[in-house]
Amino acid sequence: MQFGIFSVSDITPDPTTGRVPDDTERVRDMLTIARHADEAGLDVFATGEHHNPPFVASSPTTMLGYLAGVTRNITLSTATTLITTNDPVRLAEEYAMLQVISDGRMDLMMGRGNTGPVYPWFGQDIRNGIPLAVENYALLRRLWTEDVVDWEGTFRTALQGFTSTPRPLDGVPPFVWHGSIRSPEIAEQAAYYGDGFLHNNIFWPMHHTRQMVRFYRQRYEHHGHGRADQAIVGLGGQVFLHRNSQEAVRQFRPYFDVAPVYGHGPSLEDFSAQTPLTVGSPQQVIDRYASFVDDVGYYQRQMFLIDHAGLPLKTVLEQIDLLAGEVVPALRTIVEAKRPADDVPLNPPTHAERVAAARAAGRTAATHVGDGVDDVTGTLAEGARA
């Protein structure tokens, strides 16, 4: 299993000091966090995509392209790539470029976004969120898998004889996750294409997560990509660590109480009981997260949110050290021992593995995977009713 961290890139006052970083400092702190995660041995760093304050991560490929040059091993990803408000042509170009620059050490997670005003800022209507996600992703795949594309759809101008450049590395597109917390249509989309599905359940109870992952697994098998237990699944998570559990609660409570998303709402204790948020000792985090595989089956990626709500950089780097040094090695051993069979993927596929699979299957860069927007839309509608 892979373990990593993701950032939502919020700028939030530190409630213990009142200090507020500016945009430049926050961006540079994210770069420091990613490099530290690589040095500490974590598997993945992911950045969100936001276009409104108090968030600063408006250009994921710029950040990840820089990180590709200054990190050695870590997989670089997005926690959200807005498939609804970005032009699929630009996505095809930018992420193929990132794939080339990083030598395949990247993937990305498609998401619709949950900030309503972003849609009109980019000329779209939030009421078209699902149709946009379906159509834009179908086009994106064609741009990656066909050398010359003729296309006509609903939400953008038609394409005639268009070739996206650069072409995907070794003729194989990046691995794609689809992220959703409440839309079965998006789980169906991931299943239809045989892509990964990540349920970023940081605000949701496990029974909801279990239901969404089960639906994705069932549809993955239905579409002929393999058994349900072979589907590629990821989960979100949120922790705050200290070797003394009482001290962890004492230190984190001020940040929790004023956090932009859930501050001034439920108590830390109630929220922790209902969601994956775990504030305590490394062993408490190990015990809690080791149980998730019993709820959703063996899964391939566990991501943690650790750098939000105004936490100072020094504290975040200490969290990475505890996570990478004490929590992840134990979790990896426990969870991988629960893998049900050798043919259940241990991790998400690497670029090298995807290239080998494509060559073994006789696929080339010009092979079109999928049957077009109309067929996908119909399949998604069927899946949403299931």
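Whatever comes next refers back to the structure up there.
Residues numbered from 1 in each chain as written. Predicted model: local features only at pLDDT ≥ 70, side-chain atom pairs only at ≥ 80, totals over all residues. Heavy atoms only, no water.

This brings us to the packing of aromatic side chains. In this structure the tally under the stated criterion is 10 aromatic pairs. On the basis of an interplanar angle of 55° and a centroid distance of 4.6 Å, the ring pair of tyrosine 289 and phenylalanine 292 is categorised as tilted. In this structure, tyrosine 289 and phenylalanine 292 share a single accessibility class: buried. Counting every residue linked through ring pairs, the aromatic cluster contains Tyr137, Tyr192 and Tyr193. (Phe/Tyr/Trp six-rings, centres within 6.5 Å; stacked < 30°, edge-to-face > 60°. Buried < 20%, exposed > 50% of the residue type's maximum accessible area, 1.4 Å probe, protein only.)

This part is about helix H10 (residues 282–290). What H10 keeps buried is the set Pro282, Val285, Ile286, Tyr289 and Ala290. Relative to the axis of H10, the buried residues are bounded by an arc of 115° and lie together on one face. Check the buried side of H10 and you find it contacts strand S11 (239–241), strand S12 (278–280), helix H11 (292–296), strand S13 (301–305) and helix H12 (313–336). (Helix = DSSP H or I, 4+ residues; strand = E, 2+ residues; numbered from the N terminus. Arc of directions from axis to C-beta. Contact = heavy atoms within 4.5 Å.)

Counting 105 residues, the largest nonpolar core has Ile5, Phe45, Tyr216, Phe252, Phe304, Leu323 and Leu331 as its most contacted members. At 10 residues, H12 tops the list of elements feeding residues into this core. If we skip the residues at most four places from it in the chain, phenylalanine 45 touches Ile5, Met30, Ile33, Ala34, Met63, Leu64, Leu67, Ile74, Thr75, Leu76 and Ser77. (Core = buried A, V, L, I, M, F, W, Y, C linked by side-chain atoms within 4.5 Å.)

Attention shifts here to the pairing of strand S2 (residues 44–47). Residues Val44 and Ala46 point to one face of S2 and Phe45 and Thr47 to the other, with burial holding for every one of them. Direction of pairing for strand S1 (residues 2–7) relative to S2: parallel, over a ladder of 4 bridges. Pairing of serine 7 across the sheet is with threonine 47, part of S2. In terms of handedness, the path from S1 via helix H1 (residues 23–40) over to S2 forms a crossover that is right-handed. In the sheet, S2 pairs with strand S3 (residues 75–78) via 4 bridges, with the strands oriented parallel. Bridging across to S3, alanine 46 finds its partner in serine 77. Handedness of the crossover joining S2 and S3 through helix H2 (residues 60–70): right-handed. (Pairing = 2+ DSSP bridges. Right-handed = clockwise from strand over helix to strand, strands pointing away.)

At valine 327, H12 is bent by approximately 40°, the largest bend along its length, and proline proline 329 sits one to four residues beyond. Of the residues making up H12, those classed as buried are Thr315, Val316, Leu317, Gln319, Ile320, Leu322, Leu323, Ala324, Val327, Val328, Leu331 and Val335. Taken together, the buried residues of H12 touch S1, H1, S11, H10, H11 and S13. (Bend = angle between axes of the 7 residues up to and from the residue.)

Right, let's talk about empty space enclosed by the protein for a bit. Taken as a whole, this structure holds 3 cavities of 30 Å³ or more when the rule is applied. Forming the boundary of the largest cavity are 13 residues, of which Thr78, Ala79, Met109, Leu198 and Met303 lie nearest the centre. For the lining of the largest cavity, the elements supplying multiple residues, two or more each, are S2, S3 and S13. By volume, the second largest cavity amounts to about 40 Å³. In this structure, the second largest cavity is lined by Ile83, Met110, Gly111, Arg112, Ala133, His178, Gly179, Ile186 and Gln189. When residues of the lining of the second largest cavity are traced back to their parent elements, those giving at least two are strand S5 (107–111), strand S8 (175–179) and helix H6 (184–193). Tallied by class, the residues present in the lining of the second largest cavity amount to 4 nonpolar, 4 polar and 1 charged. (1 Å grid on protein atoms, 1.4 Å probe; cavity = no way out; pocket = protein on both sides within 12 Å on 5 of 7 lines; lining within 4 Å. Points joined across faces, edges and corners; volume = space filled by probe spheres on them. Nonpolar A, V, L, I, M, F, W, Y, C, P; charged D, E, K, R; others polar.)

On to the pattern of salt bridges. Going through the model one piece at a time under the given rule, you end up with 20 salt bridges. In this structure, aspartate 147 engages arginine 167 in a salt bridge whose closest nitrogen and oxygen atoms are separated by 3.3 Å. Of the two residues, aspartate 147 is situated in the loop between helix H5 (129–145) and strand S6 (149–151) and arginine 167 in the loop between strand S7 (159–162) and S8; the sequence distance between them amounts to 20 residues. On the basis of relative accessible area, arginine 167 is assigned to the partly exposed category, the value being 22%. Between aspartate 294 and lysine 338 there is a salt bridge, and its shortest N-O distance comes to 3.2 Å. (Salt bridge = Lys/Arg side-chain N within 4 Å of Asp/Glu carboxyl O.)

Moving on, we get to the side chain of threonine 84. You can see threonine 84 is positioned in the loop between strand S4 (81–82) and helix H3 (88–101). Polar side-chain contacts of threonine 84 include one of 2.9 Å to the backbone oxygen of arginine 112. Setting aside anything within four residues of it in sequence, one finds threonine 84 in contact with Gly111, Arg112, Tyr119, Gln124, Gly129, Leu132, Ala133 and Asn136. (Polar contact = N/O pair within 3.5 Å; in protein donor to acceptor, adjacent residues only side chain to side chain.)

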